[in-house]
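Understanding the architecture of this molecule
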Amino acid sequence: LVPIAPRSILKNTMQKASAEFGYYALAASELEYYIYEQSYRECRNEANYRQSQMRAIGDYMEDYHILQGTRSEWINAQFRRHLRDSGVPVECTKGEAGIGQHELNIVYDDVLSMCDKHVVYKQCLKEVADLNNVAVTFMCKP
């Protein structure tokens, strides 16, 4: 990588922190995402795309609500399984405050490894959602 690449800068910063101060940084990732009943492809193919309304999976705000989280478990279980099989250990998933909003936490690791896992995490969820003809977004309050 080139020296100005974000990965190079982070790697150099962590090496400096270790060499000069004896610090070793760990990080975890807690991303929240929304799941929609239709895929992005389906929305694009609708005649009036701009006016189409994507429907969130879920009926109401589900933060810590067991039943609503169970209704979307079929897809969240796939996310966890594929992440695990990709070497990204999942700590937990749960429903969140927004309609169709969920949270998935991955186990902490050294900072550079966590950055790699974070990228795999987002790509995995997008691919698994697409294979199931649903959509997922990491936008805040879409």
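The coordinates are above.
The following refers to the structure shown. (Residues numbered from 1 in each chain as written. Predicted model: local features only at pLDDT ≥ 70, side-chain atom pairs only at ≥ 80, totals over all residues. Heavy atoms only, no water.)

Here we come to a nonpolar patch on the surface. A contiguous nonpolar surface patch, about 400 Å² in accessible area, is contributed by Tyr24, Leu26 and Tyr108. Topologically, Tyr108 is positioned in strand E3 (residues 101-110). (Patch = residues over 30% accessible without salt bridge, like charges linked within 9 Å, V, L, I, M, F, W, Y side chains within 5 Å. Areas by Shrake-Rupley, 256 points an atom, 1.4 Å probe, with all protein chains shown as cover. Salt bridge = Lys/Arg side-chain N within 4 Å of Asp/Glu carboxyl O. Helix = DSSP H or I, 4+ residues; strand = E, 2+ residues; numbered from the N terminus.)

The next thing to look at is the packing of helix H4 (residues 73-85) against helix H5 (residues 111-131). H5 packs onto H4 with a crossing angle of 135° between their chain directions and a minimal axis gap of 10 Å. Taken together, the axes of H4 and H5 lie oblique to each other. Seen along the crossing, H4 lies across H5 with a hand that is right-handed. Touching Ile75, Gln78, Phe79, His82 and Leu83 of H4 are Val120, Tyr121, Cys124, Leu125, Val128 and Ala129, all from H5. Among the residues making up the contact of H4 with H5, the classes are represented as nine nonpolar, two polar and no charged. (Axes fitted to C-alpha atoms, helices over the stretch in contact; angles between N-to-C directions. Parallel < 35°, antiparallel > 145°, perpendicular 65-115°, else oblique. Left-handed = near helix turned anticlockwise from the far one by under 90°. Contact = heavy atoms within 4.5 Å. Nonpolar A, V, L, I, M, F, W, Y, C, P; charged D, E, K, R; others polar.)

Our focus in this paragraph is the environment of Arg80. Along the chain, the position of Arg80 falls in helix H4. Sequence spacing of Arg80 and Asn105 is 25 residues, and the spatial spacing of their C-alpha atoms is 9.8 Å. For Arg80, the residues in contact, after removing those within four places along its chain, are Glu73, Val90, Thr93 and Leu104.

A complete count under the given rule lists seven salt bridges for this structure. Salt-bridge contacts for Arg7 lead to Asp116; the nearest nitrogen and oxygen are separated by 2.5 Å. You can see Arg7 sitting in helix H1 (residues 6-21) and its partner Asp116 sitting in helix H5, a full 109 residues away along the chain. The class of Arg7 is partly exposed, set by a relative accessible area of 35%. (Buried < 20%, exposed > 50% of the residue type's maximum accessible area, 1.4 Å probe, protein only.)

Below, the discussion takes up H5. Between its first and last C-alpha atoms H5 spans 30 Å; for 21 residues at 1.5 Å apiece the expected length is 30 Å, and the two agree. When we look at burial in H5, the residues that qualify are Val111, Leu112, Met114, Lys117, Tyr121, Cys124, Leu125, Val128 and Ala129. Next to the buried residues of H5 lie H1, strand E1 (26-36), H4, E3 and strand E4 (135-137). Just past H5, the residue Asn133 takes up positive phi, approximately 55°. (Expected span 1.5 Å × (residues − 1).)

Moving on, we get to the environment of Ala28. Here Ala28 lies in strand E1. Here Ala28 falls in the exposed class, since its relative accessible area comes to 55%. On a C-alpha basis, the gap between Ala28 and Cys115 in space is 9.1 Å, while along the polypeptide they are 87 residues apart. Discounting residues that sit within four places of it in the chain, Ala28 has contacts with Ile106, Tyr108 and Met114.

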